[in-house]
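Residue-level listing of the chains:
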Amino acid sequence: MPHTPPRAATRVVVRPRRSLVRRLTLSFAGGTSPVFLALYILSIPRGTGVTVLAGHALVVLVFVLVLTRRTRQMIWVTDAAVVRIGLFGGPRVVPRQSIASLVLTETYRTNAPDTATQLLLQDAAGARLLRLDGVFWDGEAIARLVAALEIPPADDTDPMTAREYFARYPGSAFWFQRRGIPALGVSIGLLAFGALVLGLMWVVGIPLTPPF
């Protein structure tokens, strides 16, 4: 299965919100720039600024690779299947004949009064085949996908919390939405970044303890 949609056979192609790239970039710059600025200020007088620059370049490279994968995410619909290019791994193909139901639900956003649309494709046993979270996909993309699938949606009209949604539709949560995973992921990321910063400080000769 190709990583780009075949033009002749494709009914529609949708992509995640473009604003996500901007938010990720701003968050990355805001979180790492002050740390590396301090490292540059301390290392340049010692003649070890090039080492900090190399570490900085490595962090930026990893971020750019992840961001590139994000920009390549898409979903397309053909007469035979729904194909999703995710953040990692290869294309995921869902044969259209395996889709038994399409459910649209509104869930409350975290710490916000407004809601996000959830699109869920299920097989005959009620298992998740594909889900689009309105936090990452805008309403227009979801509407275009529903129109291309030509499956009458089962509207779950009453808005609910994410916890209620996952309880009503077991197995619909993404791996990073399972209990404890977000906090664990953030902790691992912070620890890895902290270890890199401490390692750079040790290599370039910046004291790891205060001078008093």
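Below is a summary of the structure that appears in this document. All values derive from a computational prediction rather than experimental measurement. (Residues numbered from 1 in each chain as written. Predicted model: local features only at pLDDT ≥ 70, side-chain atom pairs only at ≥ 80, totals over all residues. Heavy atoms only, no water.)

This part covers the packing of aromatic side chains. Enumeration over the complete set of coordinates arrives at three aromatic pairs. Between phenylalanine 28 and phenylalanine 63, the aromatic rings sit 4.1 Å apart at their centres with planes inclined by 10°, giving stacked as the arrangement. Residue phenylalanine 28 is found in helix 1 (residues 19-43), and its partner phenylalanine 63 is found in helix 2 (residues 49-71); the two are separated by 35 residues along the sequence. A relative accessible area of 18% places phenylalanine 28 in the buried class. The interplanar angle of 55° and the centroid separation of 5.2 Å between the aromatic rings of tyrosine 165 and tyrosine 169 together place this pair among those described as tilted. Ring pairing ties together the aromatic residues Tyr165, Phe166 and Tyr169, which thus form one cluster. (Phe/Tyr/Trp six-rings, centres within 6.5 Å; stacked < 30°, edge-to-face > 60°. Helix = DSSP H or I, 4+ residues; strand = E, 2+ residues; numbered from the N terminus. Buried < 20%, exposed > 50% of the residue type's maximum accessible area, 1.4 Å probe, protein only.)

Take helix 2 next. With 23 residues, helix 2 ought to run about 33 Å at 1.5 Å a step, and its terminal C-alpha atoms sit 32 Å apart, in line with that. Here helix 2 has its buried residues at Gly49, Val52, Gly55, His56, Val59, Phe63, Leu67 and Arg70. (Expected span 1.5 Å × (residues − 1).)

Here the focus is the pattern of salt bridges. Tallied over the full model, the rule gives one salt bridge. Residue aspartate 133 pairs with arginine 131 through a salt bridge whose shortest N-O separation is 3.2 Å. Judged on exposure class, the residue aspartate 133 and its partner arginine 131 are both buried. (Salt bridge = Lys/Arg side-chain N within 4 Å of Asp/Glu carboxyl O.)

Quick look at the pairing of strand 6 (residues 115-122) now. One face of the sheet, then the other: side chains in a regular strand alternate in exactly this way. Taken across its eight residues, strand 6 has six buried, putting it largely inside the fold. In this sheet, strand 7 (residues 128-133) lies alongside strand 6 in antiparallel orientation, the contact comprising five bridges. Bridge pairing in strand 7 links glutamine 118 to aspartate 133. Here strand 6 folds back onto strand 7 in antiparallel fashion, the turn holding five residues, of which glycine 126 has a positive phi close to 85°. (Pairing = 2+ DSSP bridges.)

Our next topic: the sheet that holds strand 2 (residues 74-78). As summarised here, the arrangement of the four strands in space is 1-2-3-4, forming an open sheet in which the pairing is antiparallel. Since the sheet does not close on itself, it has two edges, and those belong to strand 1 (10-14) and strand 4 (92-95), each with one partner. Each neighbouring strand pair of the sheet contributes to a mean axis angle of 15°, computed without reference to strand direction. Its contacts with the sheet place helix 3 (residues 139-149) against strand 1, strand 2 and strand 3 (81-85), and it is angled at close to 165° to strand 1. (Axes fitted to C-alpha atoms, helices over the stretch in contact; angles between N-to-C directions. Contact = heavy atoms within 4.5 Å.)

All right, on to unusual backbone geometry then. Even without being a glycine, glutamate 150 presents a positive backbone phi close to 55°. By the secondary structure assignment, glutamate 150 is in the loop between helix 3 and strand 8 (154-160). Taking relative accessible area as the criterion, glutamate 150 reaches 59% and is therefore assigned exposed.

Summarising the element assignment, glutamine 73 is placed in the loop between helix 2 and strand 2. Its relative accessible area of 7% is what places glutamine 73 among the buried residues. Those residues in contact with glutamine 73 that lie beyond four places of it in its chain are Arg15, Pro16, Ile85, Gly86 and Leu87.

Glancing now at the nonpolar core. Soluble globular proteins: nonpolar side chains tend toward being buried together. Counting residues in hydrophobic clusters, the biggest one holds 24 residues, and the most contacted among them are Leu119 and Leu149. Counting only elements with at least two residues in this core, the list comes to strand 1, strand 2, strand 5 (101-108), strand 6, strand 7 and helix 3. Each residue touching leucine 119, except ones within four places of it in the same chain, is listed here: Leu102, Val103, Leu104, Leu130, Arg131, Leu132, Ile142, Leu145 and Val146. Membership of the second largest hydrophobic core comes to 13 residues, among which are Leu39, Leu67, Met201 and Val204. (Core = buried A, V, L, I, M, F, W, Y, C linked by side-chain atoms within 4.5 Å.)

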